[in-house]
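A look at the structure
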Amino acid sequence: MGTALRPPSSAIATAPSGPPWIWPRAAYIHIPFCAHKCGYCDFASLAGADDQADRYLDALEAEIAMSLDGPQPVDTIFVGGGTPTRLEARQLERLVAILGRWFLLTPGGEWTFEANPGTLDEEKADVLARAGVNRISLGAQSFQPDLLRVLERNHGPDEVARALALVKPRFPRWSLDLIFGVPGSTLEQCERDIAGALEFGPSHLSCYGLVYEKGTSLWKQWQAGQVVAVEEDVERAMYELVIDRLAAAGLGMYEISNYARPGDESRHNLVYWANDAYFGFGLGAARYVEGTRSVNTRDLPAYLRRIEAGQPPGGPSETLDAPGRARETAMLMLRRTILGIDRADYLSRTGYSLDEIGGEAVTRFAREGLLEDDGRRVRLTREGRFLADRVLCEFV
Ligand code: SF4
């Protein structure tokens, strides 16, 4: 490509001063390539474009170079997608070298790569481990072939075990993703999936209720009556089962879809739920820097063209006013089921007291039993977790 890269300065650039909700201490990098497009997927991901991967890495490096003054000290790096491990080993080698030059992980920092079963091999795992990646998030989704078929995943349950055999000896931390509420699934199948995941002894699990994202293949099947959504009360029973079974296994719920042993929470995701700032690079990547949210185009040819012409990869951006930011912070913090909103922390981050921003809603939901308020901290109750959407919406 023709874009001249500005090399990182030799000295570590001092990040603009400011607290972590103003200037990022976290970086998200998006790799959009996938072996196959899953039926429920609404992410910026595409199959059949692997021949663009080298060009994409050029563009990614150029985007970072045009956006930053120099290497940035960060506490977390998260490489997601798409399927980052769809890249060939030599491309992964290049990617980690680029990230290593631009993002200086502080000692004890967290560097996560997402991976999918069937895309990781020994060579790729070695590349990541050597580079200092210390956390893998593996998309298992289900351990049952019929549910994997409904989701249009292109791996079988056995491939999770094979991937974990590569992950466990090389990476100190790893997590599995599961989906519940797949059309046609039963409570018993949900139970089997939880048991299947626990057999591997994870210290972190992300468990999402299936969402029919508009425009996806699964959404079209649902609209056409070809698949039937799980009944609401069954879905709730599945969620309760997930919460209770994982708690019994020592994996406490710390966010409405995330569970971990104490100390094994995803530090990167906690950045989002604290409404802290983060960098984002790559196709469709979002960022939140100095109070402005912006998101890159999701169109791969447009992304490549713009960067190669030396232009930013454009997309919508929004800067909320201070009360808007404070409301958004309350909404995000409430997702944290253990931390919730600490009133003093909230005031120091937003400049507003929680009561000024959402006092009426807190009182009302506390009365309804959806929030608990001990005067210092406000959190979702167990019942509030099942109705989280309703509660969170109220704050924005
Ligand atoms: S592997 Fe993940 S990102 Fe890729 S299509 Fe499937 S759900 Fe989407």
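Residues numbered from 1 in each chain as written. Predicted model: local features only at pLDDT ≥ 70, side-chain atom pairs only at ≥ 80, totals over all residues. Heavy atoms only, no water.

Our focus in this paragraph is the packing of aromatic side chains. One pass over the full model with this rule turns up 15 aromatic pairs. Between Phe103 and Phe281, the ring centres sit 6.0 Å apart and the planes meet at 40°, which makes this aromatic pair tilted. Of the two residues, Phe103 is situated in strand 5 (residues 103-115) and Phe281 in strand 11 (residues 279-281); the sequence distance between them amounts to 178 residues. As far as burial versus exposure is concerned, Phe103 and Phe281 are alike and both buried. Through a chain of ring-to-ring contacts, the aromatic side chains of Trp23, Phe103, Phe279 and Phe281 assemble into a single cluster. The ring centre of Phe386 lies 4.1 Å from the NZ or CZ of Arg236, which sits over that ring. A cation over an aromatic ring shows up here: Arg287 above the ring of Phe281, its NZ or CZ 6.0 Å from the ring centre. (Phe/Tyr/Trp six-rings, centres within 6.5 Å; stacked < 30°, edge-to-face > 60°. Helix = DSSP H or I, 4+ residues; strand = E, 2+ residues; numbered from the N terminus. Buried < 20%, exposed > 50% of the residue type's maximum accessible area, 1.4 Å probe, protein only. Lys NZ or Arg CZ within 6 Å of the ring centre and 35° of its normal.)

Turning our attention to the environment of Thr76. Mapped onto the fold, Thr76 is located in strand 4 (residues 72-81). For Thr76 and Gly108, which are 32 residues apart along the polypeptide, the C-alpha to C-alpha distance reads 9.4 Å. If we ignore the near neighbours within four places in the chain, the residues touching Thr76 are Arg25, Ala26, Ala27, Leu105, Glu110, Arg267, His268 and Val271. Among the polar contacts made by the side chain of Thr76, one reaches the side chain of His268 at a distance of 2.9 Å. (Contact = heavy atoms within 4.5 Å. Polar contact = N/O pair within 3.5 Å; in protein donor to acceptor, adjacent residues only side chain to side chain.)

In the region of the ligand, the neighbouring residues are Cys34, His36, Lys37, Cys38, Tyr40, Cys41, Phe43, Ser45, Gly82, Thr83, Asn116 and Arg153. Looking at the shell around the ligand, its residues break down into five nonpolar, five polar and two charged. (Near = heavy atom within 4 Å. Nonpolar A, V, L, I, M, F, W, Y, C, P; charged D, E, K, R; others polar.)

Moving on, we get to the layout of surface pockets. To find the voids left in a structure, one rolls a probe of water-molecule size over its atoms. A volume near 220 Å³ is recorded for the second largest pocket. Lining the second largest pocket are 16 residues, with Glu63, Ser67, Phe281, Arg287 and Ser294 positioned closest to its centre. Elements with a contribution of two residues or more to the lining of the second largest pocket: helix 1 (53-67), strand 11, strand 12 (286-289) and strand 13 (292-295). At three residues, helix 1 tops the list of elements feeding residues into the lining of the second largest pocket. Looking at the lining of the second largest pocket residue by residue, the class counts come to nine nonpolar, five polar and two charged. (1 Å grid on protein atoms, 1.4 Å probe; cavity = no way out; pocket = protein on both sides within 12 Å on 5 of 7 lines; lining within 4 Å. Points joined across faces, edges and corners; volume = space filled by probe spheres on them.)

What follows deals with helix 1. Helix length check: helix 1 (15 residues) gives 21 Å between terminal C-alpha atoms against 21 Å at 1.5 Å per residue, within 8%. By the burial criterion, the buried members of helix 1 are Ala53, Tyr56, Leu57, Ala59, Leu60, Glu61, Ala62, Glu63, Ile64 and Ala65. (Expected span 1.5 Å × (residues − 1).)

Note: strand 9 (residues 252-255) against strand 10 (residues 258-260), three bridges, orientation antiparallel. Bridging across to strand 10, Met253 finds its partner in Tyr259. (Pairing = 2+ DSSP bridges.)

Turning next to the sheet that holds strand 7 (residues 173-180). Ordered in space as 9-10-8-7-6-5-4-1-11, the nine strands form an open sheet in which the pairing is mixed. Both edges of this open sheet fall to strand 9 and strand 11, since each of them pairs with a single strand only. Here the average twist between neighbouring strands, direction ignored, is 20°. Along the sheet face, helix 6 (residues 187-198) touches strand 6 (135-141), strand 7 and strand 8 (204-209) and points at about 175° away from the line of strand 7. (Axes fitted to C-alpha atoms, helices over the stretch in contact; angles between N-to-C directions.)

Further remarks concern the domain arrangement of the protein. Quoted interface sizes are often the accessible area lost when the parts come together. Assigned domains of the protein: these are domain 1 (26-273) and domain 2 (321-396). Once you take the C-alpha centre of each, domain 1 and domain 2 turn out to be 28 Å apart. Between domain 1 and domain 2, the contact holds twelve residues from the first and 13 residues from the second. Here domain 1 meets domain 2 over a buried area of about 1,200 Å², counting both sides, of which 57% is carbon and sulfur. Per-residue buried area on domain 1 facing domain 2 is highest for Arg236, Ile256 and Trp273; these three make up 44% of the total on that side. In this assembly, domain 1 and domain 2 are joined by four salt bridges. The partner of Glu240 in a salt bridge is Arg382, and the shortest N-O contact between them spans 3.1 Å. (Domains from an automatic or database assignment. Buried area = accessible area lost by both parts, 1.4 Å probe. Salt bridge = Lys/Arg side-chain N within 4 Å of Asp/Glu carboxyl O.)

Below, the discussion takes up the environment of Leu392. Here Leu392 shows up in helix 15 (residues 388-393). Using a relative accessible area of 6% as the deciding quantity, one classes Leu392 as buried. For Leu392 and Arg335, which are 57 residues apart along the polypeptide, the C-alpha to C-alpha distance reads 7.9 Å. Discounting residues that sit within four places of it in the chain, Leu392 has contacts with Ile256, Met331, Leu334 and Arg335.

Another point: the sheet that holds strand 12. Ordered by their spatial adjacency, three strands build an open sheet running 12-13-14, and the pairing between neighbours is antiparallel. Edge positions in the open sheet fall to strand 12 and strand 14 (317-319), since each of these has one partner strand only. Recorded for the sheet is a direction-independent mean angle of 15° between the axes of neighbouring strands. With four bridges connecting them, strand 12 and strand 13 associate as antiparallel partners. In the strand pairing of strand 13, Tyr288 is matched with Arg293.

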